[in-house]
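# Report on the structure
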Amino acid sequence: MIPELGHFALILAAMLAIAQSILPLWGAQRGDVRLMASGAPLAVAGFIAIGISFAALIWAYATNDTTVVNVVANSHSAKPMLFKITGTWGNHEGSMILWVLVLAGCSAAVAGFGGALPSALQARVQAVMGMISLGFLAFILFTSNPFERIWPPPPDGQGLNPLLQDIGLAIHPPLLYLGYVGYAVTFAFAVAALIEGRVDAAWGRWVRPWSLAAWSFLTMGISIGSWWAYYELGWGGYWFWDPVENASLLPWLAGTALLHSAIVVEKREALKVWTVLLALLAFALSLLGTFLVRSGVLNSVHSFASDPARGIFILCLLGIYVAGAFALFAWRAPAMAPAGFFAPISREGGIVLNNLLLCSITAVVFVGTLYPLFLDLITGQMISVGPPFFNAATAPLALPLVMAMAVGPMLAWKRAALWPVLQRLWWAACVALLAFILTLTLAGWHVLSALGFACAFWLLAGAVADIADRAGVGRTSLGNAWNRARHLPRAAWGAAIAHAGVGVTILGISGMGLATEKLVAVPPGGSTTFAGYEWRLEGVRDFVGPNFTARKATITVLRDGRVVHVMEPSKRYFPIGRTNTTEASIRTSPAGDLYAVLGEERDGEAVLRLHKNPLAPWIWIGAGIMALGAAFSLSDRRIRIAAPARRRKDEAEAPA
């Protein structure tokens, strides 16, 4: 009965989405206040309906209801309760319900927090959100029904992919979807603005908090996915340049550009057309990621489904939403002339450079990810584009981007002088140069890592210099400077924190450039030396988990005869799915990770793969700092609430 209730709630949500797509839009066109006001309650009702459906699916998983096909395919009675619940979204059908639930939640949030929005704009935004919800609800109901029954029911389920039975993968999808769907809101604002034919400072202020929130969640989602791959897959690295990983990176890059250009719209009413284009592009790339993961065109550990019919359906949705939005953009964009003008050397000019470099990196990743797929489709020839291409192609673009990140925030709006800013950053340049020289001296001739360390310290020092400059350090007493720093807008602190987080992540990536590894066969009681440590294999024993069996090694790590750490890597076997997994053992410290993986056992010896990964934890610490900076900016009441008053449309269209 409960699965039927969940299915009915999905159908009801689709009916509400139809009404939400039509009534507010019609009301905005006719100027009917009652019809425009219908968007908010319809959005809330749709959120409640999808919430009921999602709760019903969780119930089916928690009770191991084997009359539901989705539960049979992805769960088992022996699975721990935590992974029964998180397994709800660890499969294609359940993840799509989570997707539309987050989308409906965002639509309800626009209704709840959008009281200051003009009625017509909110109505159009709600209508666009309803159209997006309707498309994905139709996709679920017609191709991916999670409540489909099976009779007679099997005695138990087939279990979830063991790689997904992990807390990292439990958290990763919800955060990722919050990021993806957050860009659905900025997309809806962009389409609404195109329909209305108006983008101004107030619009930029309304879009900015949504782009901040989406960027923050997407940053955390990507970083947790990277962290999961690092410790769960046992390969010792942090980024594959896997096509599905790239699919999540693409909207993050476009969203980063959108976040900065929206500031220019808000402050100067410039870059209006470009910002609308970025809002469309960020969501288009989010949909592209959804297509790649679920279409079957990719063979990846990250993929959810391999059904071409589903892929065609999503491709049609992608075509309708994206092609329709870009056609509307081509028609309406010429009417949105910029109202603010600026010199090339200015804060606006710095953001334009930021946008150009970010979009160039996006283009490189896009081409490198999709070109092999198109080549295979057209010619049948299969090629592989991997880390060497992406590293070589993105590094020359990332370097000037990082250099500009410290300079841009210190430039004045409209017109600025570059030399005084560089003078205020002289000590940051000295710190970066010192980091470069020390890396070459202490770590050998690792030029790329040395450049990375220089960039990291340049950004960290630049973030400090930005706050110090705003506080007036060197121009007033330290007491006054401290008082001014404490009263700086949270958005200013948030930007500096986020830029520092990028520096911390680059620090970790540069440290990983100095990583070393060793593959060795060791008998029980034997030892090997690596990275200045003695690694002694005490033995390998059997271990029984809740739904798996394992072979677990015990490795004592010693330095100068003193025990530093005891590591227990293992190889697990899940009899339900007949699947083997590798569980790395990691000893983490601020200086880096010691990383051990148990390989095959043969002739009385165990194969061990040992890694020393300098500064590896700082990759994910930096991502957390970036997200914290965005959250700190979002906590600024001026960004969330106080939008500039809109001028009359004829005034807004007058040249500045």
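Residues numbered from 1 in each chain as written. Predicted model: local features only at pLDDT ≥ 70, side-chain atom pairs only at ≥ 80, totals over all residues. Heavy atoms only, no water.

## Observations concerning the packing of aromatic side chains
Put simply, the rule reads: Note on aromatic contacts: the rings of Phe and Tyr and the six-membered ring of Trp form a pair at centre separations within 6.5 Å, being stacked when their planes are under 30 degrees apart, edge-to-face when over 60 apart, and tilted otherwise. Counting from the N terminus, the helices are DSSP H or I runs at least four residues long and the strands are E runs at least two residues long. When a residue's accessible area, from a 1.4 Å probe over protein chains only, is under 20% of the maximum for its type it is buried; when over 50% it is exposed; and in between it is partly exposed. Charge-over-ring contacts are defined here by two conditions on Lys NZ or Arg CZ: a distance within 6 Å of the ring centre and an angle within 35 degrees of the ring normal.
For the structure on display, the rule yields 16 aromatic pairs. Judged by centre distance (4.4 Å) and plane angle (25°), the ring pair of tryptophan 99 and phenylalanine 136 falls under stacked. One end of the pair, tryptophan 99, is in helix α6 (residues 92-113); the other, phenylalanine 136, is in helix α7 (residues 119-143), with 37 residues separating them in the sequence. With a relative accessible area of 1%, phenylalanine 136 lands in the buried category. Geometrically, the ring pair formed by tryptophan 235 and phenylalanine 240 is stacked, given 4.2 Å between the ring centres and 15° between the ring planes. The class for phenylalanine 240 is partly exposed, based on a relative accessible area of 28%. Seen from the ring of tryptophan 331, arginine 332 lies directly overhead, with NZ or CZ sitting 5.2 Å from the centre. One cation-aromatic arrangement involves arginine 559 over tyrosine 533; the distance from NZ or CZ to the ring centre is 4.5 Å.

## Some remarks on the pattern of salt bridges
Stated formally: The salt bridge criterion pairs a side-chain nitrogen of Lys or Arg with a carboxyl oxygen of Asp or Glu, the two atoms within 4 Å.
All told, the structure shown has 14 salt bridges when counted by the stated rule. As a salt-bridge pair, arginine 541 and glutamate 568 come within 3.4 Å of each other at their nearest N and O atoms. Of the two residues, arginine 541 is situated in strand β3 (residues 533-544) and glutamate 568 in the loop between β5 (562-567) and β6 (570-574); the sequence distance between them amounts to 27 residues. Since its relative accessible area comes to 36%, arginine 541 is described here as partly exposed. For glutamate 568, a relative accessible area of 34% gives the class partly exposed.

## Observations concerning the side chain of lysine 552
Quick note on the threshold: Counting rule applied: Lys, Arg positive; Asp, Glu negative; His and chain ends not counted. Should any heavy atoms of two residues lie within 4.5 Å, those residues are counted as being in contact.
Tracing the chain through its elements places lysine 552 in strand β4 (residues 549-559). The side chain of lysine 552 sits in the buried core without any salt bridge; glutamate 568 is the nearest counter-charge, 4.1 Å away. Once residues within four sequence positions are removed from consideration, lysine 552 is found in contact with Gly539, Val540, Arg541, Phe543, Glu568, Pro569 and Ser570.

## Focus on the confidence of the model for the protein chain
As a reminder of what qualifies: pLDDT gives the predictor's per-residue confidence on a scale running from 0 to 100.
Chain-level pLDDT for the protein chain is 89 on average; 94% of the residues reach the 70-or-more range. Across the protein chain, the element-wise mean pLDDT spans from 47 in helix α22 (residues 649-652) up to 96 in helix α3 (residues 39-62). Predicted confidence is poor over residues 650-656, with pLDDT under 50, and the contacts of this stretch with residues over four places away or in other chains come to three contacts.

## Points about α6
Applicable threshold: By this rule, a helix spans an expected 1.5 Å times one less than how many residues it contains. By the criterion applied in these results, polar contacts are pairs of N or O atoms within 3.5 Å in which, for protein atoms, one can donate a hydrogen and the other can accept it, and in which residues neighboring in sequence qualify only through two side-chain atoms.
When the terminal C-alpha atoms of α6 are compared, their 31 Å separation across 22 residues agrees well with the 32 Å that a helix rising 1.5 Å per residue should span. Extensive coverage of α6 is indicated by the burial of 19 of its 22 residues. The N-capping residue of α6, defined by a side-chain oxygen 3.3 Å from the backbone nitrogen of glutamate 93, is asparagine 91.

## Let's talk about the packing of helix α1 (residues 2-30) against α7
The condition is simple: Interaxial angles span 0 to 180 degrees and are taken between N-to-C directions of axes, which are lines fitted to C-alpha atoms, for helices over the stretch in contact. Throughout this description, any angle smaller than 35 degrees is read as roughly parallel, any larger than 145 degrees as roughly antiparallel, any in the 65 to 115 degree range as roughly perpendicular, and the remainder as oblique. For any helix crossing, the convention is left-handed if the near helix is rotated counterclockwise from the far helix by under a right angle, and right-handed if that rotation is clockwise. Three classes are used: nonpolar for Ala, Val, Leu, Ile, Met, Phe, Trp, Tyr, Cys and Pro, charged for Asp, Glu, Lys and Arg, and polar for all others, with Gly counted as polar.
In the contact formed by α1 and α7, the axes pass within 7 Å of each other and the chain directions differ by 150°. Considered as vectors, α1 and α7 are oriented roughly antiparallel to each other. Between α1 and α7 lies a crossing of left-handed hand. Within the contact of α1 with α7, the residues separate by chemical class into 18 nonpolar, six polar and one charged.

## Focus on the nonpolar core
The test is simple: In plain words, nonpolar cores are sets of buried Ala, Val, Leu, Ile, Met, Phe, Trp, Tyr and Cys residues tied together by side-chain atoms within 4.5 Å.
Counting 134 residues, the largest nonpolar core has Trp99, Ile132, Phe136, Phe189 and Trp203 as its most contacted members. The element contributing the most residues to this core is helix α8 (residues 167-196), with 15 residues. Excluding residues that lie within four positions of it along the chain, phenylalanine 189 makes contacts with Leu117, Leu121, Val125, Trp203, Trp206, Val207 and Trp210. One finds Val520, Phe530, Val564 and Ala606 within the second-largest nonpolar core, a separate group that totals 18 residues.

## A few points about unusual backbone geometry
Here the amide bond leading from tryptophan 151 into proline 152 is cis, since omega sits at 0°, within 30 degrees of zero. With respect to the element layout, proline 152 can be found in the loop between α7 and α8. At glutamate 269, a residue that is not glycine, the phi angle is positive and equals roughly 55°. Although it is not a glycine, aspartate 603 sits at a positive phi angle of roughly 55°.

## So, helix α13 (residues 347-379)
Here is the rule: One fitted axis covers the seven residues ending at a residue, a second covers the seven starting there, and the bend at that residue is the angle between these axes.
For α13, with 33 residues, the first-to-last C-alpha span of 47 Å sits near the 48 Å given by 1.5 Å per residue. Taking the largest bend as the criterion, α13 deviates by roughly 35°, centred on leucine 370, and proline proline 372 comes between one and four positions later. One or two positions beyond α13, positive phi appears at glycine 380, with a value near 80°.

## Section: the sheet that holds strand β1 (residues 516-522)
Backbone hydrogen bonds hold the strands of a sheet together, and the pairing may be parallel or antiparallel. Applicable threshold: Only strands joined by at least two bridges in the DSSP assignment are considered to pair.
Pairing in this open sheet of four strands is antiparallel, and the strands run β1-β10-β9-β8 from one edge to the other. Both edges of this open sheet fall to β1 and β8 (585-589), since each of them pairs with a single strand only. With direction set aside, neighbouring strand axes in the sheet form an average angle of 15°.

## Points about the side chain of serine 211
Tracing the sequence through the fold places serine 211 in helix α9 (residues 201-232). On the basis of relative accessibility, which here comes to 0%, the residue serine 211 falls in the buried class. Polar contacts involving the side chain of serine 211 include one to the main-chain carbonyl oxygen of arginine 208, which spans 2.8 Å. Apart from the residues within four sequence positions on either side, serine 211 is in contact with Tyr183, Thr186, Leu258 and Leu259.

## Here's the deal with the pairing of strand β10 (residues 605-614)
Counting buried residues in β10 gives seven out of ten residues, a clear majority hidden from the surface. Here seven bridges tie β1 to β10, and the two strands are oriented antiparallel to one another. Residue pairing across strands places glutamate 517 opposite histidine 611, the latter belonging to β10. As judged from the nine bridges shared by strand β9 (residues 592-602) and β10, these two strands associate in the antiparallel manner. From the neighbouring strand, arginine 602 faces β10, where its bridge partner is glutamate 605. Hairpin connection between β9 and β10: a loop of two residues separates the two successive antiparallel strands, and aspartate 603 in this loop has a positive phi of roughly 55°.

## Topic: the environment of threonine 529
On the secondary structure map, threonine 529 appears in strand β2 (residues 527-530). A sequence separation of 127 residues divides threonine 529 from valine 402, and the C-alpha atoms of the two residues are 38 Å apart. Beyond its immediate stretch of four places on either side in the chain, threonine 529 contacts Lys518 and Trp535.

## Regarding the packing of helix α10 (residues 243-268) against α13
Across the interface, α10 lies against α13 with an axial gap of 9 Å and an inter-helix angle of 160°. In this view, α10 runs roughly antiparallel relative to α13, as classed from their interaxial angle. Seen along the crossing, α10 lies across α13 with a hand that is left-handed. Mapping the contact onto sequence places Pro243, Asn246, Leu249, Leu250, Leu253, Ala254, Thr256, Ala257, His260, Ser261, Val264 and Arg268 in α10 and Glu348, Ile351, Asn354, Asn355, Leu358, Cys359, Ile361, Thr362, Val365, Phe366 and Thr369 in α13. Broken down by class, the residue content of the contact of α10 with α13 amounts to 13 nonpolar, eight polar and two charged.

## Examining the pairing of strand β7 (residues 579-583)
Looking along a regular strand, one sees side chains alternate from face to face of the sheet. Pairing of β6 with β7 involves five bridges; the strand directions are antiparallel. Paired with phenylalanine 574 across the bridge in β7 is threonine 579. Counting the residues that bridge the hairpin from β6 to β7 gives four residues, and of these arginine 578 lies at a positive phi of roughly 50°.

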